[in-house]
Structures are given as C-alpha cells and as structure tokens.
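A structural walkthrough
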Amino acid sequence: MRRYRLLEHTADTGLVAYGHDLREAFANAAYGMFTIIAGRRGVRARVKREIAVSAPDREALLVAWLNALLYHVDAEELLFCRFQVTELTETALTAEAWGETIDPGRHRLRTAIKSATYHMIEVAEGEPCRVRVILDL
Amino acid sequence: MTKRWEGPLQQVDEFRWEIPQSYKPGMLTNAIVYADEAMMKHIREDFSLEQAANVATLPGIVGSSLAMPDIHWGYGFPIGGVAATRQADGLVSPGGVGFDINCGVRLLHTNLTVSEVKPKIAELVDAMFVAVPSGLGTKGKIRLRGKEIDEVLRKGARWAVESGYGEPSDLIHAEEGGEMKGADPDKISARAKERGVPQLGTLGSGNHFLEVQVVEEIYDAEAARVLGIEAVGQVTVFIHTGSRGLGYQVCDDYLKVMAGAVPRYGVVLPDRQLAGAPVRSPEGQDYLAAMAGAANYAWANRQAITHWVREAFGQVLRQSPRDLGMWLVYDVAHNIAKLETHPVKGKPTPLCVHRKGATRAFPPGHPEVPARYRGVGQPVLIPGDMGRYSYVAVGTEAAMRETWGSTCHGAGRRASRGAALRALKGVNILKRLEEQGITARVVSPRSLAEEASEAYKDVAEVVRVADGAGISRSVAKVRPLGVVKG
C-alpha cells in the first residue's frame, strides 16, 4: 500500500495518507510531511520524542498531531523519520516519533512547513483508511 | 484536485468584479475582486473566489469582502483578502491574519549606484548570506535569556534598537513604529515562545528573502524623491520575512481557542479555518493581544536583520552604513488585523480590518503616515518574484474609500509548487538567474523552482490593476541584482 501522495494546492502543498487503520494513516501523514521538509532519505532515528495531544474531534487531532511535530522542528531543530501512533481515540492521540538534530550539511533540506491547516481536512475510515491535510508552506 | 470555479461573477468595470450576496446562503454582503479580464481567467482556476464569498459570511462584516489583484487560494481567507468587521459586534478571525503573523517587507535606502555595487555583488550577497541566518535548522545569533522574549513581544523593533540592532530613527519609518500597542506576552503560550527564542533574527525559508535591487523606472519623480528614490540606477534593499515559528504557533493556538468559541457565540461558518470570536469577547481580546506580540516579534526580527544587512554592506564596501545612506524608508505588515476607525455610512466606526496578504495603503495627509511621507501617502512595498522586479507605491484616497486603505502585497502564486517543479525540471535556476544578471545564494536549491518566475503571476500585471483601480499608485520599479533565500 502506498503510504501517502501529494496534492497540488496553489499556495501550499497537501497530502493524502493511507493506512490499514487510522493510527497508521496518521503516522503516514507525518511521514509524508517530513518528506516534504527533508526528502525520503538521510534522517536517522537517533532520538525519540513522545507526543500526546488532545482535540475536540479526529480532524482537529490530525492537525494537532502534525503541528506538535513541527513544534519540535523549530524549538529543538529536530527532523523525524519514523512514527508510531500508539493510541488514537476520537479526542486524544499518543505517539512516538524518532529522528535527529537538523544537519544542513548532511540533510537534503527542501522547505520549512509553517503549519497543518483545517482547510479541506478529512479523516475517513475504510479499506484503506485515508486522511487528507493541506500544509501551509 | 483543483476544479474551475463556476460561481456567478459580474464585471463592474475594467478592474472590478462582483460576486453577488445572493450567491450562497449566509453571505452578509457581496465580494469585490480587483482584477482584469486576463487575470480573472487564472483566478477562476482555483477556489479562491469561493473563499472570498465565504469571508462575506463573517458576522459583523461591513462593506464588501474584498480581494486584491494578487488573490490566490489560501485556507479560510483567500491570500489577498481584506475584510473589516465592526468592533462592536463583529468577529476577529485568526485565519484572516494567517500563520505568519506580520509577515512583511521593508525597504532600505542607499546612496550607492548600480555601477558601484555590480562589481561587488557576489561578495555582497555572500556577506549577507553569512550575516543573516536563513533556511531550515539554522539558529539565530541572538541569545535571549529568561524572560527577555517577553520584552521582544512587548517592544518589537524598539527592543532590537535598544539592544544595539539599528538606529532610533528606524522606529519612525515603520507601520505602527514597529511596536504594536496592546501586546500581552502572557497571552502567548510557552510553546510559541520556545519556537520563537532560537529563531529571532533569522530569515526562514519559502518565499522569504533579502534582495539588493537597482531602481529601473521612476513613475512619479516627486513622490519618489520623498521616498528617497532619487534616480534610476540607485541601489535599494528589500527584506521580506515575518514572525517565524512563534507566529505560526500563536495562530495554531488561537484557532483551537476560536473553534471552541464559535458554538458559544452562536456563530455558523462555512469553513473551519475561518473560526473567530467577537472582537470584544475575552477570546477575541486575547487573540489580538497575542497577535500584537507576534507582530512585534516580526518587527524585531526585520530590525535585527536590517542591522546585519547594513554591516554586510559596510564590510564589503568599506564604508560605514551611515555614509552609505542605509536608512529605513518604510516597513509594511501584510498579514495582520488592525483596529482602525473608518467611516461607515458616513459615521466614523471602530473596525477590525483583516489584511491577509494585503498591504495597508493610507493616503496623503493621514495621521498614521510618518510626517516625511504625509504629502505623498504611505509607502507600499510590493515584492515580485526573484527573477523579475518589485514595486514601490503609495497609498491613495480611493483605497481609503473602497478597501479600508488596502492594496496588493505581491505577485501572488500562479502555479502550484509541484507544477513549477515539473515545468522547471532540469533547468538550472541559479545559472539562469546569473544570466539575467542576478546573483543568488540559497540554502535549499531544491526549493528554488518553487520560487522561480514561472510559479508567480507577473507582479507588473498585479500592480497595473491596483494602479488602474486607484487603490495604490506606483512610484518606482526596482529590479533584483542579488538575492538571498532560505
């Protein structure tokens, strides 16, 4: 199964991510977002951050999850490459993300992402599960 | 995923189009879009017009939902969107400001001419590239201790000047004097501050840039002279950046607050990204206090960068920045909400004016315009793409009458990033720029295609519409000589 695909949006970039369950789709959305930032290769899983977010519904939870990861990019200069969503309810998510400190000399940095947005957001269960998010670049 | 927008659109005159209030339920007013016929074909290709219609549903909106000629698809508001709501009973919407709070542009004057700078442009651009941290994962050089971030959030550019980055006179020639009143650091989350502390004094990536330019054309010699643009061939500098991760986090934090507030105030909105709360509600007031703090961070950021740009010039040209005449002409915010009083049906009315990818353009004589420029109008800075040119303009009475004193903010994207990348596959953009006489230094060459001319509308077309409609008046055109990007 494809993990994600990119969507075209004039000002920004969106992605649709897939998974056998929503936890996997959420993890793949994070993976897709970090490939936009720094490509598919070169980031090593050296440090782990535990992420816990809550939100009024699953769509807002998706935005909160991605933005929690972006917080670590700015505040700690981390890039992530591996994601495990350990728990996902209607209103709460806990996850682990692995990555390392940004090294402009070694990482193939592409672009920073300002935020995930609620614009056209979609969380759909099914076979496969599918989530959509537009990112403000 | 993009389909053509087929909604109703009536051409009012050569430069104005109307989406009638009857287009969809919930619209409280019409939408007016500034564009010409050729441009409208492109604008219809995405859903930005639907967004302009959605903005017309904001409770308390007065006048029309407005879209400047650089309109393109955003989230919630279109980029290029302007909307004023009544302070008494209207909404303030963080989506009407955007993630990059007080993203803006400043223009520096120099006494230099193109013939003096051209032979040293590579050295100059290198020096700027070193002096101003840019790109992803590059730490700023400013080390803030303890609660010092709160001072930045309160004082804006003044914090920077007091800390040795720049001159007191820099604080006269900026929107709000580079220090927005009403900022409250306590309304900004710890996470936002943690994102902001390491990034103060950094350019960032994406469409942010430093640009050394040469004046190519002057349209109004008298106004140009007042703005310090004396002759064709003179060198100027543009600085374009915003509030970095701190602003993004403030927007994100308050979108969550507003999502909770929307049902409480009985507001129904067509798009979640438009969420807001009444201007005078606790949530509205908290957002405005946090937004002002983020705006001040952006002004401190541009001020610190200004100082390093001056140092880079001084070092390469072996003269002091003062002798080089590197004074600040003006600094504009193009993502912001402002509490302003405008006449509504003849009566002065306190409004909250959202400018999302739009520039304030106050007319001659307005008290908010610095004394130096009061005879000609507020300077308006309109950056184009890095391969073409940018404009310096002034505000007008027509803008005051029609757009709450607002005009366009840039070229506006034309192609998606992916489309630009595909169209430019195999093209060496750095080399192409060099052939055009533009020396560029970038952290991420991979993202360069997304910023190439092909990705943007021709800013000359955008400015022609703004001039034609009278919402700003072009004073001069400047062309890039050297560019620094993240």
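See above for the structure.
Keep in mind that what you see is a predicted model, and the values were worked out from it rather than measured.

1. Focus on the sheet that holds strand β3 (residues 47–54) of chain A
Residue and element names in this part refer to chain A.
- Within the open sheet, the 3 strands sit side by side as β3-β5-β4. Their pairing is antiparallel. On the outer flanks of this sheet lie β3 and β4 (78–88), each paired with one strand and no other. The mean inter-strand angle of the sheet, taken between neighbouring strand axes irrespective of direction, is 25 degrees.
- Taken together, the 9 bridges between β4 and strand β5 (residues 92–101) define a ladder with antiparallel strand orientation. Across the sheet, the residue bridging to L79 is E100, located in β5.

2. A few points about the packing of helix α2 (residues 58–76) of chain A against helix α9 (residues 244–264) of chain B
- Closest axis-to-axis distance for the α2 of chain A/α9 of chain B pair is 11 Å, and the angle between their directions is 160 degrees. When the interaxial angle is binned, α2 of chain A and α9 of chain B end up roughly antiparallel. Helix-helix and strand crossings are classified by hand; for α2 of chain A and α9 of chain B the assignment is left-handed. For the pair α2 of chain A and α9 of chain B, contact is made by V63, N67, Y71 and D74 of chain A and by G245, Y248, Q249 and D252 of chain B, respectively.

3. Some points on the packing of aromatic side chains
Residues and elements named next belong to chain A.
- Counted by the stated rule, this structure contains 14 aromatic pairs over all chains.
- In this structure an aromatic cluster arises from ring pairing among F34, W65, F80 and F83.
- Between R3 and the ring centre of Y31, over which it is positioned, the NZ or CZ distance is 3.6 Å.
- Here R82 stacks its cationic end above the ring of W98, 4.4 Å away from the centre of that ring.

4. Examining the interface of chain B and chain A
- Of the residues lining the interface, 42 residues belong to chain B; the matching set on chain A comes to 37 residues.
- The contact between chain B and chain A buries some 3,600 Å² in all, and 55% of this surface belongs to carbon and sulfur atoms.
- Summed over the shared surface of chain B and chain A, the number is 3 salt bridges.
- Note that D74 of chain A is salt-bridged to R195 of chain B, the shortest N-O span being 2.8 Å.
- Run the count over chain B and chain A and you get 11 residue pairs in polar contact (both at pLDDT 80 or more).
- For the side of chain B that touches chain A, the secondary structure elements donating two or more residues are β4 (61–75), α7 (190–196), α9 and α12 (417–423) of chain B.
- If you tally residues by element for the side of chain B that touches chain A, the top one is α9 of chain B, at 6 residues.

5. Describing the sheet that holds strand β7 (residues 129–136) of chain A
Residues and elements named next belong to chain A.
- Spatial ordering of the open sheet is given by β1-β2-β7-β6, a layout of 4 strands whose pairing is antiparallel. Of all strands in the sheet, those bounded by a partner on one side alone are β1 (4–8) and β6 (115–124). Neighbour-to-neighbour, the strand axes of this sheet turn through a mean angle of 20 degrees, independent of strand direction.
- In this structure, β1 lies alongside strand β2 (residues 13–19), joined through 5 bridges in antiparallel fashion. Looking at β2, one finds that L6 is bridged to L15.
- In the packing of α2 onto the sheet, contacts are made with β6 and β7, and the angle to β6 comes to roughly 140 degrees.

6. A look at the pairing of β4 of chain B
Residues and elements named next belong to chain B.
- Where burial is concerned, most of β4 is hidden: 14 out of the 15 residues are buried.
- Bridge count for strand β3 (residues 31–34) against β4 is 3 bridges, and the pairing is parallel. By the bridge assignment, V33 is partnered in β4 with A67.
- One ladder, built from 6 bridges, connects β4 with strand β5 (residues 77–86); its direction is antiparallel. Paired with Y75 across the two strands is F77, which belongs to β5.
- What sits between the antiparallel neighbours β4 and β5 is a turn of 1 residue, in which G76 has the positive phi angle 80 degrees.

7. Some thoughts on the packing of helix α1 (residues 22–38) of chain A against α2 of chain A
All names here are of chain A.
- Running from amino to carboxyl end, α1 crosses α2 at an angle of 40 degrees, the nearest separation of the two axes being 11 Å. In terms of their interaxial angle, α1 and α2 are classed as oblique. Here α1 and α2 pass one another in a crossing that is right-handed. The residues of α2 that touch α1, namely those facing L22, F26, A27, A29, A30, M33, F34 and I37, are R58, L61, L62, W65, L66, L69, L70 and V73.
- Class assignment of the residues belonging to the contact of α1 with α2 gives a composition of 15 nonpolar, no polar and 1 charged.

Cut-off values and rules
- Residues numbered from 1 in each chain as written.
- Chains lettered and ligands numbered in written order.
- Predicted model: local features only at pLDDT ≥ 70, side-chain atom pairs only at ≥ 80, totals over all residues.
- Heavy atoms only, no water.
- Pairing = 2+ DSSP bridges.
- Helix = DSSP H or I, 4+ residues; strand = E, 2+ residues; numbered from the N terminus.
- Axes fitted to C-alpha atoms, helices over the stretch in contact; angles between N-to-C directions.
- Parallel < 35°, antiparallel > 145°, perpendicular 65-115°, else oblique.
- Left-handed = near helix turned anticlockwise from the far one by under 90°.
- Contact = heavy atoms within 4.5 Å.
- Phe/Tyr/Trp six-rings, centres within 6.5 Å; stacked < 30°, edge-to-face > 60°.
- Lys NZ or Arg CZ within 6 Å of the ring centre and 35° of its normal.
- Buried area = accessible area lost by both parts, 1.4 Å probe.
- Salt bridge = Lys/Arg side-chain N within 4 Å of Asp/Glu carboxyl O.
- Polar contact = N/O pair within 3.5 Å; in protein donor to acceptor, adjacent residues only side chain to side chain.
- Buried < 20%, exposed > 50% of the residue type's maximum accessible area, 1.4 Å probe, protein only.
- Nonpolar A, V, L, I, M, F, W, Y, C, P; charged D, E, K, R; others polar.

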